[in-house]
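Residue-level structure breakdown
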Protein chains: 2
Amino acid sequence: MTSTSSATPSSESPTVSRLYEAAADAFGAKGFHATTTRDIASRAGLSPAGVYVHFASKEDLLYQLSREGHTVARDALARAAARSSAPAETLRSMIGAFARWHAEQHQVARIVQYEFRHLSPEHQHEVLTLRREIDAVVRGVVDEGVASGDFEVEDTHAAALALLSLVVDVARWYHPGVQQTPEQIEQTYGALALRLVGASPHPG
Amino acid sequence: MTSTSSATPSSESPTVSRLYEAAADAFGAKGFHATTTRDIASRAGLSPAGVYVHFASKEDLLYQLSREGHTVARDALARAAARSSAPAETLRSMIGAFARWHAEQHQVARIVQYEFRHLSPEHQHEVLTLRREIDAVVRGVVDEGVASGDFEVEDTHAAALALLSLVVDVARWYHPGVQQTPEQIEQTYGALALRLVGASPHPG
């Protein structure tokens, strides 16, 4: 079982993409602490020196992978939010697509979520800033739906957190053997998102 | 920051409880693979030999901790489900209390969730059986609410999974610095659970 290459769509070097996949596999199998740069290099078919051409350290690799993953997610969510549709449709497509991504990219997503504590304090801070931006995009759509009367939410912060919890947890329970396809997960989670904000699951 | 002792309410030996706490702290800090039996022993104020009096190996400790955590959770949920109240009230109190537990016991909960892959195949199987029992208890209450007309759910399995996702993810994002108290989390998540199953958040 290997990570798929679309995990890191914006990284331009194929070697860097390969190293991201190798790192996600190695961290997933052994955890960050027990993984050596040599493990990652050998999974990517490189020498350890080949890793250091691109990354200063194992922590730097985890950081770049986390930053990349969060940036791609933030940008995709912001693009979805910027489309001029009704808040319910925006939220549904946004949360559905994000849930699907967490199924398709469950290995990378797990690393990004569960190995966060192994980043340096400075890198944790940077990744937290990206996470706050992701929260803000989701909260913005919820606020919009509350303002338009489409959603009924008392605590926007709690609702946005719950929406992200639903999505993030897909990476924990998903494995390629589950009955739902990523497409079905997209559908289901889009509908669940509307329920959480008190909108009809079948608008229009 | 240490785990609190109520993590393992049914373990009778104080030394075993101390070892569970020490293991949760050590696995949380370094991951399962990079943690040694010596690390755990020294956090618990014991010699490595003192660990082996109670546990055959580091994996056995993780297994017992996971089994204990899941068993306590299953029994608490089953007790809540057995109380003769309306399905909405049962679901609300059940999910609320479980969310609160994930906040209060976030360190143990993280270990149990994130280090699962490090259990032996046989132990994974046993823990999965307990997880299925937990799923079944939650699904039973959802089914009951659908049958009574209190809930409106198309896919009971997906709804139960989403309810558990909301709760489990509390252990990921919760830390003692967050603004919500565990009591507020209990309230919020009880109400969110009712939304997810299409019940009114303010029944009665």
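Here the structure is a predicted model, which means the values were calculated and not measured.

Rules used throughout
- Residues numbered from 1 in each chain as written.
- Chains lettered and ligands numbered in written order.
- Predicted model: local features only at pLDDT ≥ 70, side-chain atom pairs only at ≥ 80, totals over all residues.
- Heavy atoms only, no water.
- Contact = heavy atoms within 4.5 Å.
- Buried area = accessible area lost by both parts, 1.4 Å probe.
- Salt bridge = Lys/Arg side-chain N within 4 Å of Asp/Glu carboxyl O.
- Polar contact = N/O pair within 3.5 Å; in protein donor to acceptor, adjacent residues only side chain to side chain.
- Helix = DSSP H or I, 4+ residues; strand = E, 2+ residues; numbered from the N terminus.
- Least-squares fit on C-alpha atoms with pLDDT ≥ 70 in both.
- Buried < 20%, exposed > 50% of the residue type's maximum accessible area, 1.4 Å probe, protein only.

Put simply, an interface is often sized by how much accessible area is lost when its parts join up. Between chain A and chain B, the residue contacts involve 34 residues of the former and 34 residues of the latter. Together chain A and chain B conceal approximately 2700 Å² of surface at their shared face, both sides included; 55% is due to carbon and sulfur atoms. For the interface between chain A and chain B, the tally reads two salt bridges. Here chain A and chain B share 12 residue pairs in polar contact (both at pLDDT 80 or more) between them. Counting only elements with at least two residues in the side of chain A that touches chain B, the list comes to α1 (14-30), α6 (106-114), α8 (156-173) and α9 (182-196) of chain A. With nine residues, α8(A) is the single largest residue contributor to the side of chain A that touches chain B.

With an axial shift of 0.0 Å and an RMSD of 0.0 Å, the rotation relating chain A to chain B amounts to 180°. Such a turn and shift between the copies fits a two-fold axis. No C-alpha of chain A lies nearer the rotation axis than that of Ala34(A), which sits 2.5 Å from it. Residue by residue, 100% of the interface of chain A is reproduced at the interface of chain B, so both copies engage with the same surface.

Okay, the pattern of salt bridges next. Oppositely charged side chains are able to pair whenever their charged atoms sit close together. A full pass over the atoms with the stated rule returns 18 salt bridges over all chains. The shortest N-O distance in the salt bridge between Lys30(B) and Asp39(B) comes to 3.2 Å. Overall, Lys30(B) belongs to the partly exposed group, its relative accessible area being 28%. Given a relative accessible area of 21%, Asp39(B) falls into the partly exposed group. Across the salt bridge formed by Arg100(B) and Glu104(B), the nearest N and O atoms sit 3.1 Å from each other. Of this pair, Arg100(B) and Glu104(B) are both found in helix α5 (residues 87-104), four residues apart, which corresponds to roughly one turn of the helix. Salt bridges sharing common partners tie together Arg100(A), Glu104(A), Glu183(A) and Glu186(A).

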